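Residue-level listing of the chains:
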Amino acid sequence: MAGLLQALVGASEKAAHIARLCRREEPLFQLLVAEKTGADRNRRFLQDFKTLADVLIQEVIKHDLGKEFPELQGHIHGEESNEFRNGQGETVAVRVCATPGDTAALLLSVLEPERAAAELLAAAVHRDVVLGDAALAGVALSIPPQDLAIWIDPIDSTNEYIGGREDVATVDGIAPAGLCSALVLIGAYDRHTGCPVLGVINEPFFRRDPLTCRWQGRYHWGVAYGDTRLCSLSPPPLRPMPCVVLSRAEGGTVQAALGPLCDGHLRFAAGAGYKMLCVILGLADAYVLSKGSTFAWDACAPHAILRALGGGAVALAGALQAWWGGDTGSPPELVYNRPVEGAAGAERWANRGGLVAYVHPQHLQAVLAAL
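Residues numbered from 1 in each chain as written. Predicted model: local features only at pLDDT ≥ 70, side-chain atom pairs only at ≥ 80, totals over all residues. Heavy atoms only, no water.

Undergrad: Requested: an account of the packing of aromatic side chains, with residues and values cited.
TA: Counting across every chain of the model gives five aromatic pairs. Ring centres of W151 and W349 lie 5.0 Å apart, and the angle between their planes is 65 degrees; this geometry places the pair in the edge-to-face category. In this pair, W151 is assigned in strand β4 (residues 148-156) and W349 in the loop between α12 (316-324) and β13 (355-358), connecting sequence segments 198 residues apart. Taking the relative accessible area as the measure of exposure, W349 reaches 17% and is therefore buried. Among the aromatic residues, those joined into a ring-pair cluster are W151, F295, W297 and W349. (Phe/Tyr/Trp six-rings, centres within 6.5 Å; stacked < 30°, edge-to-face > 60°. Helix = DSSP H or I, 4+ residues; strand = E, 2+ residues; numbered from the N terminus. Buried < 20%, exposed > 50% of the residue type's maximum accessible area, 1.4 Å probe, protein only.)

Undergrad: Pulling in residues and values, what's your account of the nonpolar core?
TA: Within the largest apolar cluster, 62 residues are counted, with the highest numbers of intra-cluster contacts made by L5, L8, I61, I150, Y161, L198 and W221. Beyond its immediate sequence surroundings of up to four residues, Y161 is in contact with A19, C22, R23, L32, I155, L179, A182 and F205. (Core = buried A, V, L, I, M, F, W, Y, C linked by side-chain atoms within 4.5 Å. Contact = heavy atoms within 4.5 Å.)

Undergrad: Just give me the short version of the sheet that holds strand β6 (residues 196-208), but keep the residues and values in it.
TA: Hydrogen bonding along the main chain pairs the strands of a sheet, whether they run parallel or antiparallel. Sheet architecture is open: six strands sit in the order β1-β4-β5-β6-β7-β8, paired in mixed fashion. A strand with exactly one partner marks an edge of an open sheet, and here the two such strands are β1 (76-78) and β8 (228-231). Geometrically, the sheet is characterised by an average inter-axis angle of 15 degrees between neighbouring strands, direction not taken into account. Summarising the sheet, β4 and strand β5 (residues 183-190) pair through seven bridges and their orientation is antiparallel. Bridging across to β5, I150 finds its partner in A188. Taken strand by strand, helix α10 (residues 272-280) contacts β4, β5, β6 and β7 (215-225), and its axis lies near 80 degrees from that of β5. (Pairing = 2+ DSSP bridges. Axes fitted to C-alpha atoms, helices over the stretch in contact; angles between N-to-C directions.)

Undergrad: So what's going on with the packing of α10 against helix α11 (residues 296-308)? Residues and values would help.
TA: Helix-helix packing is characterised by the crossing angle of the two axes and by the distance between the axes. Taken N-terminus to C-terminus, the directions of α10 and α11 make an angle of 5 degrees; their axes are 9 Å apart at the nearest point. On the basis of their axis angle, the class for α10 and α11 is roughly parallel. Taking contact as the criterion, the partners of A272, G273, M276, V279 and I280 in α10 are, on α11, D298, A299, P302, H303, I305 and L306. Tallied by class, the residues present in the contact of α10 with α11 amount to eight nonpolar, two polar and one charged. (Parallel < 35°, antiparallel > 145°, perpendicular 65-115°, else oblique. Nonpolar A, V, L, I, M, F, W, Y, C, P; charged D, E, K, R; others polar.)

Undergrad: Tell me about the pairing of β13, and please be specific about residues and values.
TA: Alternating residues of β13 divide into L355 and A357 and V356 and Y358, and every residue in both groups is buried. In the sheet, strand β11 (residues 286-289) pairs with β13 via four bridges, with the strands oriented antiparallel. Pairing of L289 across the sheet is with L355, part of β13.

Undergrad: An account of the sheet that holds strand β9 (residues 244-246) is needed here, citing residue identities and associated values.
TA: The strand order β10-β9-β11-β13-β12 describes an open sheet built from five strands, whose pairing is mixed. The two strands at the open ends of the sheet, each matched to only one other strand, are β10 (266-268) and β12 (312-314). Neighbour-to-neighbour, the strand axes of this sheet turn through a mean angle of 25 degrees, independent of strand direction. Across three bridges, β9 lies against β10 in parallel orientation. When the bridges of β10 are listed, L246 appears paired with F268. Taken strand by strand, α11 contacts β12 and β13, and its axis lies near 125 degrees from that of β12. Most of the contacts of helix α13 (residues 361-370) go to β13, to which it runs at about 150 degrees, and overall it touches β9, β11, β12 and β13.

Undergrad: Lay out the pattern of salt bridges in plain terms, naming residues and giving numbers.
TA: Opposite charge on two side chains lets them pair, provided their charged atoms get close. Considering all chains together, one arrives at ten salt bridges under this definition. Among the ionic pairs, E59 bridges to K62, the shortest N-O distance being 3.9 Å. With E59 and K62 both in helix α4 (residues 49-68) and three residues apart, the pair spans about one turn of that helix. E59 sits in the buried class, given a relative accessible area of 11%. Residue classification places K62 among the partly exposed positions, given a relative accessible area of 26%. (Salt bridge = Lys/Arg side-chain N within 4 Å of Asp/Glu carboxyl O.)

Next comes the structure, spelled out in structure tokens:
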């Protein structure tokens, strides 16, 4: 259903607007500054504003998608809990109310006495989004929403968002850190198979407008459903010498194994979503993570886009086990409907076996061989 793809993109644009608003408007920016300094925030708020911004974006996406597609209600999942304890010790469930005034009043019950901040956020929550994207409007799909579920990462790479660094120099187009790595991720997967089928990545802080100096964003989307492969991007060219992007925390053994494969072209970046985006854009050819430190909400949206481009994302541990067993075929992809057995909380949705994200299967095979 083409309307669902457009709704995912529209929800990501509203989310990106809220993320930018929090850095642009003084009452909201001061709350971010308090979060950065720590001490003032702890005196003034029982819950940090960073998490409220995350939760509000998540609840807006849930509300907007659920209202337009009732079949999805109860099947839209996010990273954050929506409950806060305010200064009076009351538990407040953050949600989108019927009117901007009601939403502002609810937010004020968490942010008291920051009335201006609550009203700014409420206005953004109830703002209508007009896409004006002719290419997106022309997409024709037949995907029954009742077969799908959603994973949301409202602000991936939250620490970089709070830090707000704009002066980070890129290395071959890849930013090692900084505000540009803060993304909105919305992915849809098949409820029955767990396979990702629709993905939207929004970059709220793509560049500054040279005239207004305000941040401008951009978005990317992909569809991989049945035999349908559609994407807002074209597959990057196949390079003979792959570039691999890693986390700074990646172990020395993995780095040493991959270094010769890349002729030393290892790159480092923050945020799982951003590193997967680097592969999607062709800035890197593979993203390798040996630890189980990413989650379903980090990977679902970019994984769908990778599949739309002919690639995918596999569990590294399982892929290596198959390789050692002599199976050099394509290993199974990550799925998003199976919680980890015996785990609790967020760990139920961890990608326990690490991952490899790629566009070209040749690069996947080369990475597995090197490791």
